[in-house]
Amino acid sequence: MNETHILSWILFTPLIGAIVLLFIPRERDNLHRVVGNVFGMLGFVVSLPLIWRFSIGTPGYQFRESYDWIPSIGAHYSLGIDGISFLLVMLTTILGAISILSSWSAIQNRKKEYYILFLLLQTGMLGVFMALDFFLFYLFWEVMLVPMYFLIGVWGSDRRLYAAIKFFLYTLAGSVLMLLAILALYYRAHEVTGAAYTFDIPTLLGAVPQFSTTLQRILFWGFFFAFAIKVPMFPFHTWLPDAHTEAPTAGSVILAGVLLKMGTYGFIRFSLPLLPTDAVARQHIINILMVLSVVGIIYGALVCMMQKDMKRLIAYSSVSHLGFCTLGIFALNPHGVSGSVIQQINHGISTGALFLIIGVLYERRHTRLISEFGGLSTPMPNFAAIYMIATLSSLGLPLLNGFIGEFTILSGVFQVSLRWTAWAVVGIVLGAAYLLWLYQRVMFGPVTNPANEHLPDLNMREYATLVPLVVLAFWIGIYPKPLFRVLDVPVRQIVEQVNPGYYNSATAQRWGEKRPVPVAKEAAQSETNRSKFDVSKTQKPVSSSPAAMIVASSAPTATNSAEKR
């Protein structure tokens, strides 16, 4: 691999695995499992060079690739990543490998189709985080939908068809609205700028400040519904508990760990630049989203305390935890946005581990009802230890990863509003209550059910899926500096773009926040990167990031809050 094509190798390695599986006879079940796991692990291995090749502190997108795809409409095969998408790509590859490995004994029928669909799903998710062309982005967004539908509908539990159809319809409804918004952005940008038609993401987002406030609102809400359903934000969350509960274990892990992050990624990458430039309209939208985030945090936690199914409880916990992520995003300051991205990574690690743990119990007992368990720490002591670490990670205990994300988000939200911070803290308290209560009922006390007396402890394959997540939880909780360094430049660019008044505020001065790299220097860096990585001779010069092209708009939220305090 070289830097010119590294993203394409990462993107299409799972697809190559799916194609290889097509030519393996259906009756070779063991070979399907081996090949599926080999390509799942290979998808992670080929992403490792990003760790030492990614240039921390360099503004704009890196590893750019751009080729003419459909020149008549201005669509290009255009890939690139910044610090935000870099972390999400790495999360996708490691959770993809772990999820496929967790399916080794859980999937007993239609193994060939299962591994093909899972590898296709992996390609779709990676494409969403890499695409820098709206046409390509939408293609990967929809490609992801079909494999997940079949994974739930074919290999799920008793109500799998209901859950699969509900997931499909909710996601498709949001996707249609986003498609209309993309087309409106595509045609209006051409009319305003007079440039050639293009689906290039930085170029189209760069034209948004020239639109009317009404059109900016329409575009924002068009994208919002697609991303809010995917997160999911309250009240668009009702598909999630059913999908999680009925999906196979690996499907639940990848759904919670990666698919939900596509919504929060969309908020950061697209919704923030689409916020209206008018201060009143912008503040009105932000207030609505803050309320929905806080309601989701508390509502999700309260509903968790009433669940009888372990998997459904963890599913509702995702509604609560991702409410923190959206709360941090729309705080529009560096702590809020960087804390949100880190919490997205943390949620994928801790909630993915919890779903794997529930899968371990389900394989042994074929039930997820909390009342069927109790005292499992006696026959399964190693399992109990890892389960405890995952629980403490999810509730945000210091020295584990959940604490870093939640603390950073709350510090960012506090700069904007003490009221929103106070309500969010209530969600943290409720989260500790339902997670510890679940652990106590499942793991402590006497073994009252004879079926639980001789349950085997974790085997080597199960250790291989859970131990890496435990190590990541401790590493991020003890030494999160590398993540903050990776996020520093892209987050400062986003804040300068959507909330330029922040860097003139007293709050920014107290925290020692520095403005991002000047646009002129960034443009020079973009030109250098383009000449190095952009192999298309017909492609127009590409801006390194939306911040280099979007006119700064005013959002006095953080400034006013600081002045009041």
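Residues numbered from 1 in each chain as written. Predicted model: local features only at pLDDT ≥ 70, side-chain atom pairs only at ≥ 80, totals over all residues. Heavy atoms only, no water.

### Thoughts on the overall build of the protein
Piece 1. Secondary structure assignment for the protein yields 23 helices and two strands.
Piece 2. By residue count, 63% of the 565 residues in the protein fall in the buried class.
Piece 3. Relative to all contacts within the protein whose residues are 6 or more apart in sequence, the contacts with residues 24 or more apart total 79%.
Piece 4. Of the accessible surface of the protein, which amounts to about 20,200 Å², a share of 66% is contributed by carbon and sulfur atoms. (Helix = DSSP H or I, 4+ residues; strand = E, 2+ residues; numbered from the N terminus. Buried < 20%, exposed > 50% of the residue type's maximum accessible area, 1.4 Å probe, protein only. Contact = heavy atoms within 4.5 Å. Areas by Shrake-Rupley, 256 points an atom, 1.4 Å probe, with all protein chains shown as cover.)

### Quick look at the packing of aromatic side chains
Piece 1. If you walk through the whole model with that rule in mind, you get 40 aromatic pairs.
Piece 2. Arranged with centres 5.2 Å apart and planes meeting at 80 degrees, the rings of Y149 and F150 form a pair that is edge-to-face.
Piece 3. F150 gets classed as partly exposed once you look at its relative accessible area, which sits at 36%.
Piece 4. Above the plane of the ring of F373 lies R365, whose end atom (NZ or CZ) is 5.5 Å from the centre.
Piece 5. The ring of W420 carries the charged tip of R419 above its face, separated from the ring centre by 4.8 Å. (Phe/Tyr/Trp six-rings, centres within 6.5 Å; stacked < 30°, edge-to-face > 60°. Lys NZ or Arg CZ within 6 Å of the ring centre and 35° of its normal.)

### Let's talk about the confidence of the model for the protein
For residues with low pLDDT, the predicted coordinates do not support detailed interpretation.
Piece 1. Predicted confidence across the protein gives a mean pLDDT of 85, with 89% of residues reaching 70 or more.
Piece 2. Counted against residues more than four places away or in other chains, residues 519-565, with its pLDDT under 50, gives 110 contacts. (pLDDT = per-residue confidence, 0-100.)

### Details of a nonpolar patch on the surface
Piece 1. A cluster of nonpolar side chains, V176, L177, L179, L180, L183, Y187 and Y197, forms an exposed patch at the surface whose accessible area comes to about 590 Å².
Piece 2. Here L180 is to be found in helix α8 (residues 160-193). (Patch = residues over 30% accessible without salt bridge, like charges linked within 9 Å, V, L, I, M, F, W, Y side chains within 5 Å. Salt bridge = Lys/Arg side-chain N within 4 Å of Asp/Glu carboxyl O.)

### Observations regarding the environment of L436
Piece 1. Within the secondary structure layout, L436 lies in helix α18 (residues 418-443).
Piece 2. L436 has contacts with T391, L392 and L395, leaving out every residue within four places of it along the chain.

### Details of unusual backbone geometry
Piece 1. With an omega of -5 degrees, the peptide bond running from V231 to P232 counts as cis.
Piece 2. Note that the residue after F234, namely P235, is joined by a cis bond; omega there is 5 degrees.
Piece 3. With respect to the element layout, P235 can be found in the loop between α10 (213-230) and α11 (239-246).
Piece 4. In the Ramachandran plot, H366 falls in the positive-phi region, its phi being about 55 degrees despite a non-glycine side chain.
Piece 5. With respect to the element layout, H366 can be found in the loop between α15 (334-365) and α16 (381-395).

### Here we look at helix α17 (residues 401-416)
Piece 1. End to end, α17 covers 24 Å across 16 residues, agreeing with the expected 22 Å (1.5 Å per residue, within 8%).
Piece 2. For α17, the tally of buried residues reaches 13 of 16 residues, placing the bulk of the element in the interior. (Expected span 1.5 Å × (residues − 1).)

### Quick look at the packing of helix α6 (residues 134-143) against helix α7 (residues 145-155)
Piece 1. Following both chains from N to C, one finds α6 and α7 inclined at 5 degrees, their axes separated by 4 Å at the closest point. With respect to α7, the axis of α6 lies roughly parallel. Counting all contacts with α6, which are made through W141, E142 and V143, the residues of α7 involved are L145, V146 and P147.
Piece 2. Residue composition of the contact of α6 with α7, grouped by class: five nonpolar, no polar and one charged. (Axes fitted to C-alpha atoms, helices over the stretch in contact; angles between N-to-C directions. Parallel < 35°, antiparallel > 145°, perpendicular 65-115°, else oblique. Nonpolar A, V, L, I, M, F, W, Y, C, P; charged D, E, K, R; others polar.)

### A short note on the pattern of salt bridges
Piece 1. Taken as a whole and judged by the stated rule, the model has 11 salt bridges.
Piece 2. Put simply, R312 and D242 hold a salt bridge, and the shortest N to O gap is 3.4 Å. With R312 in helix α14 (residues 310-329) and D242 in helix α11, this pair connects stretches of sequence that are 70 residues apart.
Piece 3. The class for R312 is partly exposed, based on a relative accessible area of 22%.
Piece 4. Residue classification places D242 among the buried residues on the basis of a relative accessible area of 6%.
Piece 5. Each of R159, K166, D242 and R312 takes part in one network of salt bridges that share partners.

### Considering the packing of α10 against helix α12 (residues 249-271)
Piece 1. Close contact between α10 and α12 brings their axes to 7 Å; oriented N to C, the two are set at 155 degrees. In this view, α10 runs roughly antiparallel relative to α12, as classed from their interaxial angle. Seen along the crossing, α10 lies across α12 with a hand that is left-handed. Within the contact between the two elements, α10 uses F220, F223, F224, F227, A228 and K230 and α12 uses L259, L260, M262, G263, G266, F267, F270 and S271. (Left-handed = near helix turned anticlockwise from the far one by under 90°.)

### Topic: the side chain of S78
Piece 1. Take S78: it is sitting in strand β2 (residues 75-81).
Piece 2. Ignoring sequence-local partners within four residues, the contact set of S78 consists of R64, E65, S66, M130, A131, L132, D133 and L136.

### Notes on α11
Piece 1. Buried residues dominate α11, accounting for eight of its eight residues.
Piece 2. Among all positions in α11, only W239, L240, P241, D242, A243, H244, T245 and E246 are buried.
Piece 3. Lining the buried residues of α11 we find α7, α8, α10, α12, α14 and α15.

### Side note on the environment of S99
Piece 1. Mapped onto the secondary structure, S99 falls in helix α4 (residues 83-102).
Piece 2. Setting aside its immediate chain neighbours within four residues, S99 contacts F118, A250, V253 and I254.

### Some remarks on the nonpolar core
Piece 1. One finds L50, F134, L259 and V442 to be the most contacted residues of the largest nonpolar core, which totals 183 residues.
Piece 2. For L50, the residues in contact, after removing those within four places along its chain, are I6, L7, I10, F63, I81, F86, V89 and M90. (Core = buried A, V, L, I, M, F, W, Y, C linked by side-chain atoms within 4.5 Å.)

### What to know about the environment of N499
Piece 1. Tracing the backbone through its elements, the reader meets N499 in the loop between α20 (481-498) and α21 (506-511).
Piece 2. N499 sits 227 residues away from L272 along the chain, and the two C-alpha atoms are 9.6 Å apart.
Piece 3. A polar atom in the side chain of N499 sits 2.8 Å from the backbone oxygen of L332. (Polar contact = N/O pair within 3.5 Å; in protein donor to acceptor, adjacent residues only side chain to side chain.)

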